[in-house]
Amino acid sequence: MSVEMQANPKVAKSNLFKVPSDLIVVDQNFNLRFSYNENKMRELKESIDYHGVLNDVKGYKSGQYYYVIDGHRRVMAAQQLVREKRQIDPDFELRIPMTTQNVGESEQTIHMILYNEGEAFTPLELAMGIRRLENYGLEVDEIAEKLNKTKSYIQRLLNFAKNVSPRVKKAVVNNEMESTTGMNLVEKCVTETAQNQELDRIRAEINDSEKPSENSGKKKTKITNKKVSKKQNLSETIKKIEKEESDVIDPFKLDLLRSAIKFQKGEISEDDLRQMLS
């Protein structure tokens, strides 16, 4: 199974090839996407069947195989098309234009984010990509500069990736909750327990508002920002501030706030509170 070189005036000839789809690997452990829209994937497959893969994908070669950096949807749709065609013609072959790049893992992730030509990444997918870059050793300032984003936005996404509870993450991945809603919920509810409680509250509210007869044949209501409680939880807010501003917080004032919360919850008496304040 040979690889053909393809001429393209915009790309160095030595880097552009027409690669048989069987030699291209989509590494889902490296890919940032959690899911794909089935209708859009079907439309893309039909387009490839009619026109072929028009835009070259980006990748790198390792051994005899080519690994995708950008263009995962195109490759997956093309490979699905090949599998269907081979049920009729076992010798069917489809070649995909690929530009090869010799870059490290951190640069591969940066390229995947910057040069994504398909459906935009969700905030959760971006957040996981940014956390991966941090794990590669990049600082927030460096990530912001490379991705042409503000430092505050990168930090916000990074906090989302680090703090999101498994249940909230699953709700976003399964398209039950908007990704931006998930990020706002995590910012409001710092702990995993608080996030899960808010998720349960929203689900119960949706179930109560939708009668069984109304649900038949209809899509489940998606969780958006309107569903997230606007009430501020003092305990959660203190935890958030303590986490983000630990180097400037006055420990004495923090203890007083915690004592006030305990008094409000009935965990300590008025006499206990007076003794703490004296």
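Residues numbered from 1 in each chain as written. Predicted model: local features only at pLDDT ≥ 70, side-chain atom pairs only at ≥ 80, totals over all residues. Heavy atoms only, no water.

Draft legend 1. Structural view of the nonpolar core. If you look at the biggest cluster of nonpolar residues, it comprises 38 residues, and the most contacted ones within it are Ile130, Ile143, Leu147, Ile154, Phe160, Met177 and Leu185. Looking at this core, the elements that each hand over two or more residues are helix H3 (105–114), helix H4 (123–135), helix H5 (140–147), helix H6 (151–163), helix H7 (166–173), helix H8 (179–188) and helix H9 (192–209). Residues in contact with Met177, not counting those within four places in the same chain, are Val168, Ala171, Val172, Gly182, Leu185, Leu199, Lys222 and Ile223. Listed in part, the 21 residues of the second largest apolar core include Val19, Tyr36, Met41 and Val68. (Core = buried A, V, L, I, M, F, W, Y, C linked by side-chain atoms within 4.5 Å. Buried < 20%, exposed > 50% of the residue type's maximum accessible area, 1.4 Å probe, protein only. Helix = DSSP H or I, 4+ residues; strand = E, 2+ residues; numbered from the N terminus. Contact = heavy atoms within 4.5 Å.)

Draft legend 2. Highlighting the pairing of strand E4 (residues 57–62). As paired strands, E4 and strand E6 (residues 95–100) are joined by 3 bridges and run parallel to one another. Counterpart to Val57 in the pairing with E6 is Met98. Bridging between E4 and strand E5 (residues 65–70) involves 5 bridges; their strand directions are antiparallel. Counterpart to Gly59 in the pairing with E5 is Val68. Linking E4 to E5, which pair antiparallel, is a turn of 2 residues; within it Gly63 sits at a positive phi near 70°. (Pairing = 2+ DSSP bridges.)

Draft legend 3. Inspection of the packing of aromatic side chains at higher detail. Per the counting criterion, the structure on display carries 2 aromatic pairs. Measuring from centroid to centroid gives 6.5 Å for Phe17 and Tyr66, while their planes differ by 50°, and the two rings are tilted. Remark: Tyr66 occurs in strand E5 and Phe17 occurs in strand E2 (residues 16–20); sequence separation between them is 49 residues. Like Phe17, the residue Tyr66 is buried in the burial classification. Relative to Tyr67, the ring of Tyr60 has its centre 5.5 Å away and its plane inclined at 15°; by these criteria the two rings are stacked. (Phe/Tyr/Trp six-rings, centres within 6.5 Å; stacked < 30°, edge-to-face > 60°.)

Draft legend 4. Inspection of the environment of Val190 at higher detail. With respect to the secondary-structure elements, Val190 resides in the loop between H8 and H9. Judged by its relative accessible area of 15%, Val190 falls in the buried class. Expressed as a C-alpha distance, the spacing of Val190 and Ser165, which sit 25 residues apart in the sequence, is 9.5 Å.

Draft legend 5. Layout of H3. Looking at H3, one finds that the buried residues are Gln108, Thr109, Ile110, His111, Met112 and Ile113. On its buried side, H3 packs onto E4, E5, helix H2 (72–85), H4 and H5.

Draft legend 6. Inspection of the side chain of Asn31 at higher detail. Mapped onto the secondary structure, Asn31 falls in the loop between strand E3 (24–25) and helix H1 (38–51). On the basis of relative accessible area, Asn31 is assigned to the buried category, the value being 6%. Among the polar contacts listed, one links the side chain of Asn31 to the side chain of Tyr36, at a separation of 2.5 Å. When near neighbours in sequence (up to four residues on either side) are disregarded, Asn31 contacts Tyr36, His72, Met112 and Arg132. (Polar contact = N/O pair within 3.5 Å; in protein donor to acceptor, adjacent residues only side chain to side chain.)

Draft legend 7. Structural detail: the pairing of E2. Buried residues dominate E2, accounting for 4 of its 5 residues. Relative to E6, E2 is paired through 5 bridges, and the arrangement is antiparallel. What sits directly across from Val19, in E6, is Ile96.

Draft legend 8. Highlighting the pattern of salt bridges. Within this structure, the stated rule accounts for 16 salt bridges. The partner of Lys222 in a salt bridge is Glu178, and the shortest N-O contact between them spans 3.9 Å. Of this pair, Lys222 sits in the loop between helix H10 (212–215) and helix H11 (234–244) while Glu178 sits in the loop between H7 and H8, and the two are 44 residues apart along the sequence. Under the relative-accessibility criterion, Lys222 is labelled partly exposed at 27%. (Salt bridge = Lys/Arg side-chain N within 4 Å of Asp/Glu carboxyl O.)

Draft legend 9. Examining the confidence of the model for the protein more closely. Confidence in the prediction for the protein averages 82 pLDDT; 82% of positions are at 70 or higher. Ignoring residues within four places in sequence, the model shows residues 7–13, a span with pLDDT below 50, making 6 contacts including any to other chains. (pLDDT = per-residue confidence, 0-100.)

Draft legend 10. Here's a closer look at the environment of Gln28. Note that Gln28 resides in the loop between E3 and H1. Placed 40 residues apart in sequence, Gln28 and Val68 show a C-alpha to C-alpha distance of 9.9 Å. Of note is the side chain of Gln28, whose polar atom sits 3.3 Å from the side chain of Asn31.

Draft legend 11. Just H9, in detail. Look at H9: 26 Å from first C-alpha to last across 18 residues, which is about the 26 Å you get at 1.5 Å a residue. Among all positions in H9, only Ala194, Gln195, Asn196, Glu198, Leu199, Ile202 and Ile206 are buried. (Expected span 1.5 Å × (residues − 1).)

Draft legend 12. Spotlight on the packing of H1 against H2. Close contact between H1 and H2 brings their axes to 9 Å; oriented N to C, the two are set at 70°. Here H1 lies roughly perpendicular to H2, going by the angle between them. Between H1 and H2 lies a crossing whose hand is right-handed. Taken together, the residues of H2 that come into contact with H1 (itself represented by Lys40, Met41, Leu44, Lys45, Ile48 and Asp49) are Arg73, Arg74, Met76, Ala77, Ala78, Gln80, Leu81, Glu84 and Lys85. Among the residues making up the contact of H1 with H2, the classes are represented as 7 nonpolar, 1 polar and 7 charged. (Axes fitted to C-alpha atoms, helices over the stretch in contact; angles between N-to-C directions. Parallel < 35°, antiparallel > 145°, perpendicular 65-115°, else oblique. Left-handed = near helix turned anticlockwise from the far one by under 90°. Nonpolar A, V, L, I, M, F, W, Y, C, P; charged D, E, K, R; others polar.)

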